[in-house]
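These are the residues of each chain, in order.
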Amino acid sequence: MIRTRFAPSPTGYMHIGNLRTALYEYLIARHYNGKFILRIEDTDQSRQVEGAVDIIFNTLKTAGLQYDEGPDIGGDFGPYTQSERLDIYKKFAEELVSKGKAYYCFCKNKDRRSHDQSAHEKYGRTCYRLKPDEIKLKLNAGETYVIRQLIPEGETRFLDLVYGDITINNDELEDQILIKSDGMPTYNFANVIDDHLMEITHVLRGSEYLSSTPKYNLLYEAFCWRIPVYIHLPLIMNEQGEKLSKRKGHGSFEDLLAMGFLPQAVINYIALLGWSPADNQEIFSLDELAERFDENRLNKAPSVFDITKLTWMNAQYFANMNPDDFKDLALPVLSDSIKTVGVDLELVAGMVQPRISFLREIPGLVDFIDALPEYTSDLYIHKKMKTNLENSMESLKFAETALSKLEEWSTESTHNVLVSLVKQLGIKNGQMLWPIRTALSGKPTSPCGAAELCGLLGKEESLRRIRKGIQLF
Ligand code: GLU
């Protein structure tokens, strides 16, 4: 049984890199019919942020990443919040001490590191040399202590699915702290204990953890536990080549949603930030992603977060959305922006649906409905449509006469009138439709063509605008 876990620290927002990790963990679990677990890593009390755990729950919900076990839904391997598992870490740390793989360290903060020949500061193992009696005495006297991992000599080798074979000389590793003086475990210790006890088979995390992985492996070995499959994910950069951060904007899921991106579009986009299918497909539902996802196709080059591409994807999601779902999103915006009575807002929703990247673009697309904008006759000149000032005025005049006589006013009937005028005058379609479209919208682009605009604006308003066009020449 494949078991993956998302193990965020509650920092108050969901960094895009973390969301991608969660997504890939979810996809691997679903792909192999395994389980996806949520674990809250809150042992660093100094980083606690009020309400941060709810942000994690809500983000995963909004993103559609339903977990099978977690703090709020339970499961057989709980508790799923690290601060509720403190006894467990203590017990395992003491087990390591008794096996000679870890030791008590009583050094005060300032003594905890001592300079040696190595390039970086490393703890000098002062307390490792304490005799059992001395340790007992200090413990009995209630001296504060930390528990440190004893890094053995030699090298540590492991395989990462993305970064390949990695070998580290243990000299480079410090006797890291497992249990802090306040009794809390460090992340470096707790993650190993929990991943083992929760039977996690695949560990995915950012590549910033790559250098710590040998220390985790030494812990697994000290306990004689099976080491999970490691999948470290490359950094996500912005287009300037900097690490994506909340500070620099669009670093978090919340920021992107606030900018008007749809959760599904963001998920689809970040699935491709480091992974690609064998073909060129780019639009995937979450289920399709789960079916297609292949952890062997992850890329180790840093991914570049391209907001233009995400914007394109957002437009695709709007365009392909079920029309009723789109209406639910668009109607409130439309009824805020269109005050003219009698306009069929549902019809307008259908017109703008394939034309937007963001809902906030809607008002600018439909503003001509309430009020014809000021425009100049230049707008009638269109090379491709073969229109100029003279033939445009002609078309407007013929259309005005024919349309005034029309009794049953609709998109269809006005279309028929305009098309038969085209035939009668022996002109190109565009030479009639472009001037009408221009007169009715007063803009170089509109969300629909001439006849649809007639239908939308009604007879009286349409004729008023066509006459206004004629006056303009
Ligand atoms: N709590 C760590 C973080 O939020 C998780 C790293 C991991 O997945 O092991 O960065």
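Right above here is the structure, for reference.
Residues numbered from 1 in each chain as written. Predicted model: local features only at pLDDT ≥ 70, side-chain atom pairs only at ≥ 80, totals over all residues. Heavy atoms only, no water.

Engineer: Can you tell me about unusual backbone geometry, naming the residues and giving the values?
Structural biologist: Residue Pro-79 is reached from Gly-78 by a cis peptide bond, and omega for that bond is -5 degrees. At Asn-33, a residue that is not glycine, the phi angle is positive and equals roughly 55 degrees. Looking at where Asn-33 falls in the secondary structure, it is placed in the loop between helix 1 (16–31) and strand 2 (35–38). Residue Asn-33 is classed as exposed on the basis of its relative accessible area, which comes to 66%. Phi angles above zero are rare outside glycine, and Lys-386 is one such case at about 60 degrees. One can find Lys-386 in the loop between helix 13 (362–370) and helix 14 (389–404). (Helix = DSSP H or I, 4+ residues; strand = E, 2+ residues; numbered from the N terminus. Buried < 20%, exposed > 50% of the residue type's maximum accessible area, 1.4 Å probe, protein only.)

Engineer: Could you give an account of the pairing of strand 6 (residues 164–169), naming the residues involved and the relevant values?
Structural biologist: Pairing between strand 5 (residues 155–160) and strand 6: six bridges, direction antiparallel. In the strand pairing of strand 6, Arg-157 is matched with Thr-167. Where strand 5 folds back on strand 6, the antiparallel hairpin that results is connected by three residues. (Pairing = 2+ DSSP bridges.)

Engineer: Go over the site of the ligand, please, and point to the residues and values.
Structural biologist: By nearness alone, every residue bordering the ligand is listed as Arg-5, Ala-7, Pro-8, Ser-9, Glu-41, Tyr-187, Leu-204, Arg-205 and Tyr-209. The backbone of Ala-7 places a nitrogen or oxygen atom 2.8 Å from a nitrogen atom of the ligand. Between Tyr-187 and the ligand, the recorded distance is 2.4 Å, taken from a side-chain N or O atom to an oxygen atom. Across the complex, the protein chains shield 87% of the 290 Å² of accessible surface that the ligand would expose by itself. (Near = heavy atom within 4 Å. Polar contact = N/O pair within 3.5 Å; in protein donor to acceptor, adjacent residues only side chain to side chain. Areas by Shrake-Rupley, 256 points an atom, 1.4 Å probe, with all protein chains shown as cover.)

Engineer: How would you sum up the nonpolar core? Please name residues and give values.
Structural biologist: The biggest cluster of nonpolar side chains holds 93 residues, and the ones touching the most others in it are Leu-65, Phe-305 and Ile-436. In terms of residues, this core owes the most to one element, helix 1, which gives nine residues. In terms of nonpolar packing, the next biggest core, distinct from the first, is built from 44 residues, Tyr-103, Cys-107, Phe-158 and Ile-200 among them. (Core = buried A, V, L, I, M, F, W, Y, C linked by side-chain atoms within 4.5 Å.)

Engineer: Before we move on, can you summarise the sheet that holds strand 7 (residues 177–179) with the specific residues and values?
Structural biologist: The strand order 3-4-7 describes an open sheet built from three strands, whose pairing is antiparallel. The sheet is open, and its two borders are formed by strand 3 (102–105) and strand 7, each paired with just one other strand. Sheet twist, expressed as the mean angle between neighbouring strand axes with direction ignored, is 40 degrees. Of the strand pairs in this sheet, strand 4 (residues 146–149) and strand 7 are connected by two bridges, and their pairing is antiparallel. Its bridge partner lying in strand 7, Arg-148 is registered against Ile-177. (Axes fitted to C-alpha atoms, helices over the stretch in contact; angles between N-to-C directions.)

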